[in-house]
Amino acid sequence: MPAEFKNEPITDFSKPANAQKQRAALAEVQKKLGKKYPLLINGKKVNTDDVLVSRNPANVDEVIGSFSKADTTLAEKALQAALKSFETWKTVAPKKRVDVLFKAAKIMRRRRYEINAWMIKEVGKNYTEADADTAEAIDFLEFYGREMLRLAAPQPIVPVPGEKNGLTYIPLGVGLVIPPWNFPFAIMAGMTCASLVSGNTVLLKPSSDSPMMAWLLMEILEEAGLPAGIVNFIPGPGASVGDYLVAHPKIRYISFTGSMEVGLRINEVAAKKADGQIWIKRVIAEMGGKDSMIIDEGVDVDEAVKGTLAAAFGFQGQKCSACSRVIVHANIYDRFVEKLIEEGKKLPVGNPDDNVYMGPVINEKSMKSILAYIETAKKEKGKVVVGGARADGNGWFVQPTIITNVKPNDTIAQEEIFGPVLAVIKAKDFDAAMKIANNTMFGLTGAVYSTKRAHLERAREEFHCGNLYLNRKCTGALVGAHPFGGFNMSGTDSKAGGRDYLLLFTQGKLVSEKL
Ligand code: NAD
């Protein structure tokens, strides 16, 4: 049996030696930029003329790599390969599948600074954010490996005299894995490895903004001994290749993490039975959020401001769990907002190569959408008290932005912005704050800072979100400790990194034999 699961520690970059190692890895990666990468179908490299180009959002002249693009013909080829490999992979003993994950986790530890470096370049994370992402990927592999061993062991069922009964968890079939770019290594690796350790075979369609991170996983899985054809790498446009595969009768399940709009579309397309389809497709859809932190009267303002800023502006606010609304009790409002503005103005923006706290947002479309939300907020009488505009640099930089005078039903209080914009909402008392916190269609994360036990207990009962944090920030879920997933339009509450997760990738088979 493997040792008890423990979260992978995060590297301390305040130590000069660690920061130096990260800079050295960045220099190495710099030499490897701009290469061309193929699709991987049944382990074979397939090159196409049509490519998608991944660029550094902090320096748009820098090309991370060009990736061959799947069309529907290649997607079909990959699907046929995955169908074929499922016939053998499903018979491989769970322990052997688990070994692949444990070996892959070891390789990730060995290549940690290099993986971080690619991530810093491809999506603009600072050193610590990138390192936490890589650590989370390692955690997912270690955790799901142990979970598979638990599910493969004899399951407790009620004994019946005269019968031998057994419940086993068997795989589903071919899964389509569609990850987002914002945790480009952890979420992508978690969804893919949960699939394969459960005995499924995979079509991995990475986000067009972070294909390199998925390519790295393919290299790692190969080195870890995963046979060809179990995971097929098929970058391509979501709208065409994605739709084609989601609608395909041979796809058994779709594991999706991304926006509400795309998640709902996938759910709709997948629900329709295609000719020749003999199952109800399973859709695991983790989607967006509009996450609130409540700041009650009587709390330590410095602590609450620190938590709010970290949750709102870590990775430029591009986390599904990010605090995008802070709801502040009227009795503490002035003091809290004054400190929030003072500290918010100090947040540095710059190139993540140099480990600046805030880097760019992911692409031009995203930047424009964020700036448009700021304009909408102004039209709705919001008051921009920090930032509010593009920041300097050869990329998609947006200033950390704080907007006060936001009303609970304003656009920026309701729609997911997915960028460095924090709406501040005043509540007349805790009652009102709780009502505001629950007034969106989402329900992913939330947090409450309070010194009052009764208020914390009330939040425990009434704050309707998948991940609620008391007296701490609403980002930074740890695998195993904080199983992650949201309610309502935030998704199917899959609880990634929890004991329920692999059940979504398996089906229980009961065999009862009369003795
Ligand atoms: P997105 O919805 O734009 O894209 C997600 C993935 O879907 C990408 O790989 C994309 O190529 C693909 N896609 C696009 N159209 C498709 C289609 N028609 N069919 C199939 N696939 C299609 O999201 P994003 O910008 O990559 O990620 C940000 C979003 O993800 C935010 O809304 C964020 O809140 C959410 N997110 C949620 C969680 C969670 O656990 N709930 C975690 C991370 C991110």
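Residues numbered from 1 in each chain as written. Predicted model: local features only at pLDDT ≥ 70, side-chain atom pairs only at ≥ 80, totals over all residues. Heavy atoms only, no water.

1. Overview of the overall build of the protein chain
As a reminder of what qualifies: Segments assigned H or I by DSSP are reported as helices when at least four residues long, segments assigned E as strands when at least two residues long, and all are numbered from the N terminus. When charges are counted, Lys and Arg are positive and Asp and Glu negative, with His and the chain ends excluded. For the purpose of locating charges, the reference atoms are NZ of Lys, CZ of Arg, CG of Asp and CD of Glu.
Helix and strand counts for the protein chain stand at 15 helices and 19 strands. Projecting the C-alpha coordinates of the protein chain onto the three principal axes gives extents of approximately 70 × 60 × 50 Å. Within the protein chain, one finds 66 positive and 58 negative side-chain charges whose respective centroids are separated by 4 Å.

2. Regarding the site of the ligand
Heads up, the condition is: Nearness is judged by heavy atoms alone; a residue qualifies as near a molecule or strand once a single heavy atom is within 4 Å of it. Any N or O atom pair separated by 3.5 Å or less is treated as a polar contact, with the protein-specific requirement of one donor-capable and one acceptor-capable atom, and with residues adjacent in sequence counted only for side-chain atom pairs. Using the Shrake-Rupley algorithm and a 1.4 Å probe, accessible areas are obtained, with residue cover drawn only from the displayed protein chains. Polarity classes work like this: nonpolar for Ala, Val, Leu, Ile, Met, Phe, Trp, Tyr, Cys and Pro, charged for Asp, Glu, Lys and Arg, and polar for all others, with Gly in that last group.
In the vicinity of the ligand lie 27 residues, with Pro179, Trp181, Ser259, Met287 and Glu416 positioned nearest. At 2.8 Å, a side-chain N or O of Trp181 approaches an oxygen atom of the ligand. Interatomic distance of 2.9 Å between a side-chain N/O atom of Lys205 and an oxygen atom of the ligand. Coverage of the ligand by the protein chains reaches 87% of its 860 Å² of free accessible surface. Of all the secondary-structure elements, those providing two or more residues to the shell around the ligand are helix H8 (238-246), strand S10 (253-257) and helix H9 (260-271). Looking at which element gives the most residues to the shell around the ligand, the answer is H8, with 4 residues. Grouping the amino acids of the shell around the ligand by side-chain chemistry returns 15 nonpolar, 8 polar and 4 charged.

3. Considering the sheet that holds strand S4 (residues 51-56)
As a reminder of what qualifies: One requirement defines pairing of two strands: DSSP has to find at least two bridges between them. Throughout, an axis means a line fitted to C-alpha atoms (over the contacting stretch in the case of helices), and angles, computed between N-to-C directions, take values from 0 to 180 degrees. Note on definitions: a residue-residue contact is assigned when non-hydrogen atoms from the two residues lie within 4.5 Å.
The mixed open sheet is built from 3 strands, whose spatial order is S1-S5-S4. Both edges of this open sheet fall to strand S1 (35-37) and S4, since each of them pairs with a single strand only. Here the strands of the sheet are splayed against their neighbours by 35° on average, with no regard to which way each runs. Inspection of the sheet shows S1 paired to strand S5 (residues 59-68) by 3 bridges, in the parallel sense. Of the residues in S5, the one forming a bridge with Lys36 is Ser66. Set on the sheet, helix H4 (residues 112-123) makes contact with S1, S4 and S5; between it and S5 the angle comes to about 110°.

4. With respect to the sheet that holds strand S14 (residues 383-386)
Sheet architecture is open: 7 strands sit in the order S14-S15-S16-S13-S12-S17-S18, paired in mixed fashion. Looking at strand neighbours, the two that pair on one side only are S14 and strand S18 (467-470), the edges of this open sheet. Between one strand axis and the next, the sheet turns through 20° on average, direction left out of account. Of the strand pairs in this sheet, strand S15 (residues 401-404) and strand S16 (residues 421-427) are connected by 3 bridges, and their pairing is parallel. Bridged to Thr401 within S16 is Val421. The sheet contacts of helix H12 (residues 364-379) involve S14, S15 and S16, and relative to S15 the element is tilted by about 20°. In the packing of helix H15 (residues 453-462) onto the sheet, the strands contacted are strand S17 (445-449) and S18, and the crossing angle to S18 comes to about 175°.

5. A word on the packing of aromatic side chains
The geometry of an aromatic ring pair is captured by the separation of the ring centres together with the interplanar angle, meaning the angle of the planes. So the rule is basically this: Between the rings of Phe, Tyr and Trp (Trp by its six-membered ring), a pair exists once the centres lie within 6.5 Å; its type follows the angle of the planes, with under 30 degrees stacked, over 60 edge-to-face, and the other angles tilted. Burial classes: relative accessible area under 20% of the type maximum marks a residue as buried, over 50% as exposed, and values in between as partly exposed (1.4 Å probe, protein chains only). Note on geometry: a ring has a charge over it if NZ (lysine) or CZ (arginine) is within 6 Å of the ring centre and within 35 degrees of the ring normal.
Overall, the coordinates contain 13 aromatic pairs when judged by the stated rule. Note on Phe13 and Tyr113: the rings are 6.4 Å apart at their centroids and 85° apart in plane angle, and the pair reads as edge-to-face. In this pair, Phe13 sits in the segment before helix H1 (16-31) while Tyr113 sits in helix H4, placing the two residues 100 residues apart along the sequence. Residue classification places Phe13 among the buried positions, given a relative accessible area of 10%. Consider the rings of Tyr144 and Tyr501, whose centres lie 5.0 Å apart with planes at 20°: the pair is stacked. Of this pair, Tyr144 sits in helix H5 (residues 127-152) while Tyr501 sits in the loop between S18 and strand S19 (506-514), placing them 357 residues apart in sequence. Residue classification places Tyr144 among the buried positions, given a relative accessible area of 0%. A connected cluster of aromatic rings, assembled from ring pairs, spans Phe5, Phe140, Phe143, Tyr144, Tyr253, Tyr501 and Phe505. Over the ring of Phe183 we find Lys125; its NZ or CZ atom is 4.0 Å from the centre of that ring. The lysine or arginine in question, Lys426, covers the ring of Tyr333, its NZ or CZ lying 4.8 Å from the ring centre.

6. What to know about the domain arrangement of the protein chain
Put simply, the rule reads: Residue ranges labeled as domains rest on an automatic or database domain assignment. Only one rule defines a salt bridge in this text: a Lys or Arg side-chain nitrogen within 4 Å of an Asp or Glu carboxyl oxygen.
Domains assigned within the protein chain are domain 1 (17-287 + 493-514) and domain 2 (291-480). A straight line from the C-alpha centre of domain 1 to that of domain 2 covers 31 Å. Each side of the interface is counted separately: domain 1 has 28 residues, and domain 2 has 31 residues. Viewed at the interface, domain 2 and domain 1 are joined by 2 salt bridges. Across the pair Lys121 and Asp353 runs a salt bridge, and its minimum N-O distance is 2.8 Å.

7. Some details on the pattern of salt bridges
Considering all chains together, one arrives at 31 salt bridges under this definition. A salt bridge links Arg109 to Glu142; the shortest N-O distance between them is 3.0 Å. Remark: Glu142 occurs in helix H5 and Arg109 occurs in helix H3 (residues 94-110); sequence separation between them is 33 residues. The exposure class assigned to Glu142 is buried, which follows from its relative accessible area of 11%. Between Glu147 and Arg150 there is a salt bridge; the shortest N-O distance is 2.7 Å. Of the two residues, Glu147 and Arg150 are both situated in helix H5; the distance of 3 residues between them amounts to about one turn of the helix. Counted as one network, the salt bridges with shared partners bring together Glu8, Arg109, Arg112, Asp131, Glu142 and Arg146.

8. Some words on the pairing of strand S7 (residues 174-178)
On a regular strand, one side chain projects to one face of the sheet and the next to the other, so that they alternate. The test is simple: Consider the strands pointing away from the viewer: the crossover is right-handed when the path from the first strand over the helix to the second runs clockwise.
Of all 5 residues in S7, 5 are buried; the element is thus mostly enclosed. Neither face of S7 is open: one carries Val174, Leu176 and Ile178, the other Gly175 and Val177, and all of them are buried. Sheet topology note: the S7/strand S8 (residues 201-204) ladder contains 4 bridges and is parallel. In the sheet register, Val174 faces S8, and the bridge partner there is Thr201. At this point the chain moves from S7, through helix H6 (residues 186-197), to the parallel S8, and the crossover so formed is right-handed. Two elements, S7 and S10, share 4 bridges in a ladder whose sense is parallel. Within S10, the residue paired with Val177 across the bridge is Ser255.

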